[in-house]
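Residues per chain, in single letters:
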Amino acid sequence: VVSTQSTGYFKQINLRLVMSADLQWSIIRNNSAFIVRSLGTTLSRDPNNLTAKNSFKATSVVNKRIVGIKAAEKGVIMTTKSKGKLIETRMSRGSRRTNNAI
């Protein structure tokens, strides 16, 4: 995506590169700060990775749709990704209601 802005005599060009998710995963797959190797398996410490597997489907860095759950003082906080932004929702109405909502 290329956009231009004119300021005085010069045009400022903003170049934003957009890579596919597959290309990003091929770069990140073996070179992530979240990777942990133990007993022949490769795991991930990514905060929004519920399964702890180092896979394209489970990673939140590359995937468009993510879900993360973490404990709060009362209830849980569910993190989702929508239109590139992380949205945190607090759920604290009871264990059955929270489990059904998740």
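What you see is a predicted model, and the numbers here were worked out from it, not measured in a lab. (Residues numbered from 1 in each chain as written. Predicted model: local features only at pLDDT ≥ 70, side-chain atom pairs only at ≥ 80, totals over all residues. Heavy atoms only, no water.)

(A) Up close: the overall build of the protein. Of the regular secondary structure elements, the protein holds two helices and seven strands. Helices and strands appear in the protein in the N-to-C order β-β-α-β-β-β-β-β-α. The burial tally for the protein puts 18% of its 102 residues in the buried class. Looking at the protein as shown, the accessible area adds up to about 8500 Å², and 53% of this sits on carbon and sulfur atoms. (Helix = DSSP H or I, 4+ residues; strand = E, 2+ residues; numbered from the N terminus. Buried < 20%, exposed > 50% of the residue type's maximum accessible area, 1.4 Å probe, protein only. Areas by Shrake-Rupley, 256 points an atom, 1.4 Å probe, with all protein chains shown as cover.)

(B) Region of interest: the pairing of strand S5 (residues 67–71). Inspection of the sheet shows S5 paired to strand S6 (residues 76–82) by five bridges, in the antiparallel sense. Residue pairing in the sheet places Ile69 in a bridge with Met78 of S6. Hairpin connection from S5 to S6: four residues lie between these consecutive antiparallel strands, with Gly75 at a positive phi of about 90°. (Pairing = 2+ DSSP bridges.)

(C) Quick peek at the pairing of strand S3 (residues 35–38). Taken together, the four bridges between S3 and strand S4 (residues 41–44) define a ladder with antiparallel strand orientation. Each bridged residue has a counterpart across the sheet, and for Val36 the counterpart in S4 is Leu43. Turn length for the S3-S4 hairpin, with the two strands adjacent in sequence and antiparallel, is two residues, and the turn residue Leu39 shows positive phi of about 50°.

(D) How the structure looks around the sheet that holds strand S7 (residues 85–91). Strand order in the open sheet formed by three strands is S5-S6-S7, with antiparallel pairing between adjacent strands. Every other strand in the sheet has two partners, leaving S5 and S7 as the edge strands with one partner each. Across the sheet, the mean angle separating the axes of adjacent strands is 25° when strand polarity is ignored. (Axes fitted to C-alpha atoms, helices over the stretch in contact; angles between N-to-C directions.)

(E) A look at unusual backbone geometry. The backbone of Leu39 sits at a positive phi, close to 50°, despite the residue not being glycine. Positionally, Leu39 belongs in the loop between S3 and S4. Of note in this structure, Ala52 is not a glycine but carries a positive phi near 65°. Since its relative accessible area comes to 28%, Ala52 is described here as partly exposed.

(F) How the structure looks around the confidence of the model for the protein. Per-residue confidence for the protein averages 78 on the pLDDT scale, and 82% of its residues sit at or above 70. The element-level mean pLDDT for the protein is lowest in strand S1 (residues 2–7), coming to 52, with S3 highest at 88. (pLDDT = per-residue confidence, 0-100.)

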